[in-house]
Amino acid sequence: MSQLGIDVGGTKVALRLERQDAPDGEGTRQTVLRWPEPAALGTDLAVLAEAVAAVGIDPDDPVTSVGVAMPATLDRAGRVRGWPNRPFWQGLDLGEALAELLPGATVRTADDGDLAALAEADAADCRDLVHIGVGTGIGGGIVLDGRISPGTARGSCEVGHLIVDRAGERCDCGRHGCVQSVASGRAVLRRASARLDRPVDFDELRTAWLDSTAWAVEVVTDGADAVATAIVGLCELTHPQLVTVGGGFAAGLPGYVDAVTRRAAELARPAGPDVRIAPAALGGMSSLDGAVLLARA
């Protein structure tokens, strides 16, 4: 039997095929393809079909189950309700589209942040975990007693839309002060550009952060403080054994997780839950790892 994990991202799609009965070294295949430009639903679905073909499915060993990590908001029927990065996906039933590509396979779909949390919990051998992914946006999830919480049937855990500053900037969801509007890579670079009155890219921010340049320390620390605030609040509710902080933006700034940890320690109650924070173990592949776990389920 074979299982397929698919991580749908804003700029690319990653797939991993696992063949249980294959000889050692031949049981796993992986591929990554970028979405085309100009972007359109038809061309995206063509790339998805190309990626499924590229991962090398054996006709004599068909895929029996598929796990899909999605950044989009889905309705209860599995159709895309909204996705700011690719708004033309609205109304798409991805499970139906995959069923056409992989006849007979069971398709399960879940939020990419939830699945990243599941994978981090599996990697840490930890049944109660909170995960925060700091990238272009803010994602993450909660695992309690080894299961995604609140559970895929009831919607995803939108960590990025916890409000941490009622007077904060407007988020792309329409509210003000969400973690994402303060701490995402996009938000931090926007504040840096406003601070210097010119465009700032990630490479310049990273160099200035490593050099302890005042403007970089200010904007990055503001974001880390917002993440720490969200973590402390989540720990009050869930009492996890471990909190992991990952995502490309956080991983690209050495010392970022340390800054989050220091601020969380300042915010924690003396008699409150123990807040143990560590860098995510799986890097940029955590959502794909989670999608494979979902396929195995």
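Everything discussed here concerns the structure shown above.
Our subject in this report is the structure included herewith. Treat the numbers as computed from the prediction; the structure is a model and nothing was measured.

## Overview of the overall build of the protein chain
Within the protein chain, the regular secondary structure consists of ten helices and twelve strands. Computed over C-alpha atoms, the radius of gyration of the protein chain comes to 20 Å, within 12% of the 19 Å expected from 2.2 N^0.38 for 297 residues, which places it in the range of a compact globule. By its C-alpha atoms, the protein chain is 60 × 45 × 35 Å across when sized along the principal axes. Counting all 297 residues of the protein chain, 46% fall into the buried class. Sequence separation of at least 24 residues holds for 60% of the intrachain contacts in the protein chain that already meet a minimum separation of 6.

## A word on the packing of helix H7 (residues 214-238) against helix H9 (residues 256-267)
Running from amino to carboxyl end, H7 crosses H9 at an angle of 55°, the nearest separation of the two axes being 8 Å. Judged by the angle between their axes, H7 and H9 are oblique. As for the relative orientation of H7 and H9, their crossing is right-handed in sense. Taking contact as the criterion, the partners of Val 220, Gly 223, Ala 224, Asp 225, Val 227, Ala 228, Thr 229, Ile 231 and Val 232 in H7 are, on H9, Tyr 256, Ala 259, Val 260, Arg 263, Ala 264 and Leu 267. Across the contact of H7 with H9, the residue classes tally to eleven nonpolar, two polar and two charged.

## Considerations on the sheet that holds strand E4 (residues 63-70)
Taken together, the five strands give an open sheet; going across it, the order is E3-E2-E1-E4-E7, and neighbouring strands pair in mixed fashion. Both outer strands of the open sheet, strand E3 (28-34) and strand E7 (106-111), are each paired with one neighbouring strand and no more. Neighbour to neighbour, the strand axes of the sheet diverge by 15° on average, direction disregarded. The sheet contact formed by strand E1 (residues 2-8) and strand E2 (residues 12-19) spans seven bridges and is antiparallel. Of the residues in E2, the one forming a bridge with Asp 7 is Ala 14.

## Re helix H1 (residues 41-54)
Taking 1.5 Å per residue, 14 residues should reach 20 Å; H1 reaches 20 Å between its end C-alpha atoms and fits that length. Where H1 is concerned, the buried positions are Asp 44, Val 47, Leu 48, Ala 51 and Val 52. Take H1 and look down its axis: the buried residues cluster within an arc of 140°, on one side only. In H1, those exposed residues whose orientation departs by more than 90 degrees from the buried face are Gly 42 and Ala 53. In this fold, the buried residues of H1 make contact with E2, E3 and helix H2 (94-101).

## With respect to the pairing of strand E8 (residues 129-134)
Counting buried residues in E8 gives six out of six residues, a clear majority hidden from the surface. Of the two faces of E8, the one lined by Leu 129, His 131 and Gly 133 and the one lined by Val 130, Ile 132 and Val 134 are each fully buried. Two strands pair when backbone bridges link them, and E8 and strand E9 (residues 138-144) are joined in this way by six bridges, in the antiparallel orientation. Following the sheet pairing, Ile 132 is matched in E9 by Gly 140.

## Side note on the environment of Arg 86
Take Arg 86: it is sitting in the loop between strand E6 (80-82) and H2. Residue Arg 86 is classed as buried on the basis of its relative accessible area, which comes to 4%. With near-sequence residues (within four places) excluded, Arg 86 lies in contact with Gly 10, Trp 35, Pro 36, Ala 39 and Asp 44. Reaching out from Arg 86, the side chain makes a polar contact with the side chain of Asp 44 at a distance of 2.7 Å.

Calculation rules
For every chain, the first residue of the written sequence is number 1, and numbering continues from 1 along that sequence. Residue-level local features of this predicted model are given only where pLDDT is at least 70; pairs of side-chain atoms are given and counted only at 80 or more, and the full residue set underlies all totals for whole chains, interfaces and linings. Side-chain measures were taken over the full set of non-hydrogen atoms in the model, leaving aside hydrogen atoms and water. Secondary structure elements follow DSSP: runs of H or I no shorter than four residues count as helices, runs of E no shorter than two count as strands, and numbering proceeds from the N terminus. In this description the radius of gyration comes from C-alpha coordinates, and the expected globular size is given by 2.2 Å times residues to the power 0.38. Only protein chains enter the accessibility calculation, which uses a 1.4 Å probe; a residue whose area is less than 20% of its type maximum is buried, one above 50% is exposed, and one in between is partly exposed. For this analysis, residues touch if any pair of their heavy atoms sits within 4.5 Å. All axes are obtained by fitting lines to C-alpha atoms, using only the stretch in contact for helices, and the reported angles, taken between N-to-C directions, cover 0 to 180 degrees. Note on terminology: angles under 35 degrees are roughly parallel, angles over 145 are roughly antiparallel, angles of 65 to 115 are roughly perpendicular, and the others are oblique. Here is the rule for handedness: rotate from the far helix to the near one, and if that takes an anticlockwise turn smaller than a right angle the crossing is left-handed, while a clockwise turn gives right-handed. Under the scheme applied, nonpolar residues are Ala, Val, Leu, Ile, Met, Phe, Trp, Tyr, Cys and Pro; charged residues are Asp, Glu, Lys and Arg; polar residues are all the others, including Gly. Strand pairing follows a simple DSSP-based rule, namely that at least 2 bridges must link the two strands. A helix's residues, less one, multiplied by 1.5 Å, set its expected span. Here the arc refers to the set of directions running from the helix axis out to each C-beta atom. In protein, a polar contact requires one atom able to donate a hydrogen and another able to accept it; more generally it is a pair of N or O atoms within 3.5 Å, and residues adjacent in sequence count only if both atoms are side-chain atoms.

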